[in-house]
Amino acid sequence: MVRVLVTGGAGFIGSNLVISLVKEGCDVTVVDDLSMGMMKNLKDVQGKIIFYKHDVCDHVFMHRVLDANFDYIYYLAAVASVVDSVERPYITHQVNQESVVNSLEYLRINHYFPKKFLFISSAAVYGNYPELPKKENGRVQPLTPYAVDKYASERFTIDYGTLYGLSTVVVRFFNVFGPRQNPSSSYSGVLSIVTKCLLKNKKFIMYGDGSQTRDFVYVDDIVRALIFISKKKETCGVYNIGYGEQNKLLDVIRQYEKIAGKRLDIEFKDPRSGDIQESMADVTRLKKTGFVAKWGLENGLKKYWRYAESEF
Ligand code: NAD
C-alpha cells in the first residue's frame, strides 16, 4: 500500500487532498495541530487514516512520524494567514520555514527517499511587481514574513533535491476556493466569505471597487494537480497552480450570484493596504506536465454552491 504523509491535513486544502488520497486507496497519515484545521473536515475518512493532533514544530515528534519512511510527503502545514505572519513573525517562521527544513534534514541524514516531497508555496512570493502573468522564473518580491518563509522553504526544498538527491517539488497556489474553506476572518479566502454572506443574507464588505483580479482555482483541481505532479517522476522545481485566467472579483461575484439565484448585498470600502491589484498564473509549465484542469471557474462555483447549501 502507498504510504502518504499530509501535514496540515485537517485544513481546507489538506482535508480535500486526504479524502482523495484515501479514495485512491492510500494509507494516509495526517499531522495537524488543529490551530486552523477542524476534525469535522475529515469526518468522511474517520477511522481510515492515522491522525496526530500535533505541532509540526515538535521536531522529535516529527522524526518519529518520518521514521515510517513514507512514499509521498505533502507539506501543507502552515500558518496560512499573511496578517498573522505580520503580527507574529517569529512563531509563524518556525512553522512556515523551520519545520520544513527540519523535516528535509531528517530525511537526508536518515537516507529516507520518498518518491516525492511536495512543498506547498504561494503566489504571495511574487509580491507587487506588475508583470503578468506570473512566471515561476520571474521576479519575486516576498513582502511579508509569510512570503519570505514560503520562498525560503521553496529554495530549501529544491536545494535538498539538487544537492542531496531527494525527489522534491514546489507548487505555488493562486486563489483556491471550495468546500471546507474557513470564512472566519476578513482575510479568509474571499469566495468563502462571499458564500457565507450569500447563504446567511449578510452584507459583504468589498475592499476596493471589485476591479482587482485573481486567478481563482477550484480546490478539486488543486488536489488533482498535487496528486498528478507528485506521481510524475520527472517533475521538479516550481509549478504555479492556477487556471491562467485573470478574473475581476466583481465579475466572479456576479457569476456566482446567478448560480446561487441570489443577490449579494455589497458595501464598498477603500482598498486595504497590502492587497494586490492584479494576479494571474502563467501555467505553461504546469500544462507541460500533461495536467489538464477538470472543473474551471464556473463549474467550480456551481459545485461549491451545491456543497455550501447542503451544509447550511
Ligand atoms: P488552512 O489554514 O486551512 O490549512 C493549514 C493547516 O495547517 C491547518 O489545518 C492548520 O491547523 C495546520 N497547522 C498550522 N500550524 C500548524 C502546526 N504548527 N502544526 C501542525 N499543523 C499546523 O489553509 P489552506 O488554505 O488549506 O492552506 C494549505 C496550504 O496551502 C498552506 O501551506 C498555505 O500556505 C497554502 N496556500 C493556500 C492558498 C489558498 O488560497 N487557500 C493559497 C496559497 C497557498
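Up top is the structure.
Presented here is an overview of the structure given in this document. (Residues numbered from 1 in each chain as written. Predicted model: local features only at pLDDT ≥ 70, side-chain atom pairs only at ≥ 80, totals over all residues. Heavy atoms only, no water.)

**So, the site of the ligand**
Then, number 1: Surrounding the ligand, one finds 27 residues, the nearest of these being I13, D32, D55, Y146 and K150.
Then, number 2: Between the ligand and G11 there is a distance of 3.1 Å, counted from an oxygen atom to a backbone nitrogen or oxygen.
Then, number 3: Between an oxygen atom of the ligand and a side-chain N or O atom of D32, the distance comes to 2.5 Å.
Then, number 4: In the complex, the protein chains occlude 91% of the 820 Å² of accessible area that the ligand would expose alone.
Then, number 5: Contributing elements (two or more residues each) for the shell around the ligand: α1 (12-23), β5 (116-122) and α5 (145-164). (Near = heavy atom within 4 Å. Polar contact = N/O pair within 3.5 Å; in protein donor to acceptor, adjacent residues only side chain to side chain. Areas by Shrake-Rupley, 256 points an atom, 1.4 Å probe, with all protein chains shown as cover. Helix = DSSP H or I, 4+ residues; strand = E, 2+ residues; numbered from the N terminus.)

**Structural notes on the pairing of strand β11 (residues 238-241)**
Then, number 1: Here β11 shows two buried faces, one formed by V238 and N240 and the other by Y239 and I241.
Then, number 2: Taken together, the four bridges between strand β6 (residues 168-173) and β11 define a ladder with parallel strand orientation. The partner of F173 across the bridge, within β11, is I241. (Buried < 20%, exposed > 50% of the residue type's maximum accessible area, 1.4 Å probe, protein only. Pairing = 2+ DSSP bridges.)

**Topic: the pattern of salt bridges**
Then, number 1: Taken as a whole and judged by the stated rule, the model has 16 salt bridges.
Then, number 2: A salt bridge links K115 to D71; its shortest N-O distance comes to 3.4 Å. Of this pair, K115 sits in the loop between α4 (89-109) and β5 while D71 sits in the loop between α2 (59-66) and β4 (72-75); the two residues are 44 residues apart in sequence, bridging distant segments of the chain.
Then, number 3: In this structure, the salt-bridge partner of E257 is R254, at a minimum N-O distance of 3.0 Å. Remark: R254 and E257 occur in helix α8 (residues 249-260); sequence separation between them is three residues, near one turn of the helix.
Then, number 4: For E257, a relative accessible area of 5% corresponds to the buried category.
Then, number 5: Taking relative accessible area as the criterion, R254 reaches 29% and is therefore assigned partly exposed.
Then, number 6: Taken together, the shared-partner salt bridges connect R254, E257 and R263 into one network. (Salt bridge = Lys/Arg side-chain N within 4 Å of Asp/Glu carboxyl O.)

Read these as layout, nothing more, since geometry by itself doesn't imply function.
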